[in-house]
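# Geometric and topological summary
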Amino acid sequence: MIHTREPSHQMHGTRATVRNALGASRRFLAGCVRIDTRALAAFRISLGALLLADVLLRARAFTRFYTAGGVVPPEVAREAAPVSITSPLHLSSSPTAVAALFVLHALVAVALLVGYETRVATFFSLIFALSVDLANPLVLSHADTLTLWLLFWALFLPLGERWSVDALHAEGEPRPTVSSLATAAILSQLLTMYLVNAYQKSHSEQWRSGEAAVLILGLDDTTYLFGDALREVPALLQLGGLTWYYMLACAWLLVLLRGRARILLVGLFVTVHASFALTVRIGAFAFVAIAGLLLFLQTPFWDACVAHTRRLERQRSDLQRRLEAAARALPARRRRPLLTSRTRHVTLAVVLVALSSALVVGAVGDERTPDPVADAADGATGALTAVATQQTEWNVFAPNPRTTDRYYVFAAETTDGRHLDVYNDRPLSFDRPHERLHHQYPTYRERFYTSNLGSARAPGAAPALAEYLCAEWTDAADAALTGITMYRIEEEVTRETVADPENRTRRAVELHRHGCDGRQPVDLESPPF
């Protein structure tokens with residue numbers, strides 16, 4: 001009898017061991033994706049501030065880039081958009097109506113920043129950001145894409161749990177941390193970006209050797225501030241480029257590490273992104289990435305911050321009381337949430353499955369016989385597939401960095417016979433318009449826009465710009481333009497010519513030739529190279 005019971009005891013022991021191992025694994029994974037609610041608050045404030053700054057910066061080129069009479073009319077925007085969705089900004093041709101949407105966008109960003117009706121503010125921030133992006137896809141960068149993804153995953157997170165108007169009106173104490181499918185999704189978004197970019201860079205000898213960073217800082221049209229000084233130390237740049245490449249490949253440690261090790265690694269990523277912001281003019285990408293990295297900082301970091309700031313308690317207490325009083329004066333938020341926690345989790349799971357399925361469909365393709373019933377959903381499926389496949393396209397300076405400096409010359413003839421470069425507002429010349437080429441662009445989005453002129457994704461962009469210049473250009477002599485020929489001048493950058501642009505090999509790419517007011521395009525002076 002004793003011998004017959006041994007297998008039963010052994011099976012029971014094995015099951016208990018498996019249960020304990022699974023429980024320990026589950027606790028470990030939950031701890032890896034656990035986010036402190038103070039990190040969520042810091043992320044919300046950062047993202048709200050970035051959205052507000054973005055609206056204000058875009059407003060500088062409001063008429064040029066976002067109205068029907070600008071350089072990107074609705075038909076060109078739809079042609080270049082990755083999805084077949086019309087932007088709400090195109091529903092009206094009135095600049096006043098578009099300006100009103102910009103104002104609403106800014107107000108929603110402020111609501112997100114202060115945490116008032118946070119989930120509603122997050123939703124409308126996503127809608128407005130997507131609307132502005134679709135209104136002019138030609139000025140977008142990876143920063144805009146990352147912002148949309150972070151806003152989407154943030155819909156399922158309690159961003160207003162701490163440091164918010166909502167928190168002051170809430171009943172009970174805020175949760176110290178959250179760990180869920182949503183926290184795993186938003187952390188995975190940053191990891192996906194880094195690891196996909198690392199994979200693409202792994203196909204480049206320039207990145208594997210560190211040479212890429214030297215060449216990137218050699219581009220005058222993107223390098224600014226401290227970048228000019230750093231390019232004088234190529235050995236340091238090469239070491240930095242190699243370090244960044246391996247950091248990207250090891251980005252998965254951002255989740256697996258805990259405690260001080262994670263804080264140190266997050267600090268390294270933040271430092272590198274900050275160095276990008278001070279050396280390379282690539283828009284808000286560095287700042288959006290830093291906002292996302294705040295989510296990886298767990299409770300020990302925020303407890304340490306509280307301990308170090310207690311000495312400032314007296315100075316800040318008066319200001320804090322005033323801010324809290326102003327926040328409490330706002331109408332209290334609704335007691336019942338729009339969606340229950342269970343509903344949010346189910347919705348998120350469905351979204352993840354749909355995105356994964358769309359990614360597979362996009363990769364495998366569809367060769368079925370056309371079916372009128374099934375084709376009715378092709379538009380939505382195509383949009384979903386485009387969104388999902390974007391996660392495989394985090395190609396920031398990858399696989400190979402661009403090694404050509406660029407500047408633009410728009411050769412034009414006026415009705416009184418003068419030949420001008422109307423893009424740089426000077427007599428016609430094919431020489432550099434500025435010693436530092438980034439001065440050619442009044443905003444960083446202008447550089448993204450010009451890089452799309454003549455591209456396959458937006459064949460109508462160059463003709464639309466030429467027509468705009470024909471209609472809008474005027475000078476003191478009241479002359480008009482008879483024709484424009486648009487050129488992109490490219491300078492080949494090598495390690496030897498990083499600091500010697502005069503000895504670079506140049507070539508001219510004709511983007512478009514256009515006759516104004518129905519005229520035939522005119523033959524003007526051609527580039528000498």
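Note that the coordinates shown come from a computational prediction; the quantities given were computed from them, not determined experimentally. (Residues numbered from 1 in each chain as written. Predicted model: local features only at pLDDT ≥ 70, side-chain atom pairs only at ≥ 80, totals over all residues. Heavy atoms only, no water.)

### So, the overall build of the chain
The helix and strand inventory of the chain stands at 23 helices and 7 strands. In the chain, which comprises 529 residues, the share counted as buried stands at 46%. Carbon together with sulfur atoms contributes 61% to the accessible area of the chain, which is approximately 26600 Å² in total. (Helix = DSSP H or I, 4+ residues; strand = E, 2+ residues; numbered from the N terminus. Buried < 20%, exposed > 50% of the residue type's maximum accessible area, 1.4 Å probe, protein only. Areas by Shrake-Rupley, 256 points an atom, 1.4 Å probe, with all protein chains shown as cover.)

### Describing the pattern of salt bridges
Counted by the stated rule, this structure contains 29 salt bridges. Between Asp54 and Arg58 there is a salt bridge, with the nearest N and O atoms lying 2.7 Å from each other. Taken together, the residues span about one helical turn, with Asp54 and Arg58 both in helix α2 (residues 37–58) at a distance of 4 residues. A salt bridge links Arg432 to Asp405, with the shortest nitrogen-to-oxygen separation between them at 3.6 Å. Of this pair, Arg432 sits in the loop between β5 (426–427) and α22 (444–451) while Asp405 sits in strand β3 (residues 404–414), and the two are 27 residues apart along the sequence. Across this residue pair, the class does not change: Arg432 and Asp405 are buried. Here the residues in one salt-bridge network are Asp220, Asp228, Arg231, Asp405, Arg432, Arg436, Glu491, Arg504 and Arg506, joined through shared partners. (Salt bridge = Lys/Arg side-chain N within 4 Å of Asp/Glu carboxyl O.)

### Quick word on helix α23 (residues 461–472)
In this model α23 runs 16 Å from its N-terminal to its C-terminal C-alpha over 12 residues, within 8% of the 16 Å that 1.5 Å per residue would give. Of all the positions in α23, only Ala461, Ala462, Ala464, Leu465, Ala466, Tyr468, Leu469 and Cys470 are classed as buried. The inward-facing, buried residues of α23 abut α3 (62–66), α4 (74–80), β3, α22, β6 (481–492) and β7 (506–515). (Expected span 1.5 Å × (residues − 1). Contact = heavy atoms within 4.5 Å.)

### Concerning the side chain of Asp133
The residue Asp133 is located in helix α6 (residues 118–135) in this model. Once residues within four sequence positions are removed from consideration, Asp133 is found in contact with Arg58, Leu140, Asp144 and Leu148.

### Overview of the confidence of the model for the chain
Taken as a whole, the chain shows an average pLDDT of 87; of its residues, 84% reach a score of 70 or greater. Here residues 358–377 scores under 50 on pLDDT; set against residues more than four positions off or in separate chains, the count is 12 contacts. (pLDDT = per-residue confidence, 0-100.)

### With respect to the state of the cysteines
Under the definition given, this model contains 1 disulfide. Between the sulfur atoms of Cys470 and its disulfide mate Cys516 the distance is 1.9 Å. Residues Cys470 and Cys516 share a disulfide whose torsion about the S-S bond is about -60°; that sign makes it left-handed. Here Cys516 lies in the segment after β7 and Cys470 lies in helix α23, a separation of 46 residues in the sequence. For the pair shown, Cys470 and Cys516 are each scored as buried. (Disulfide = S-S within 2.5 Å.)

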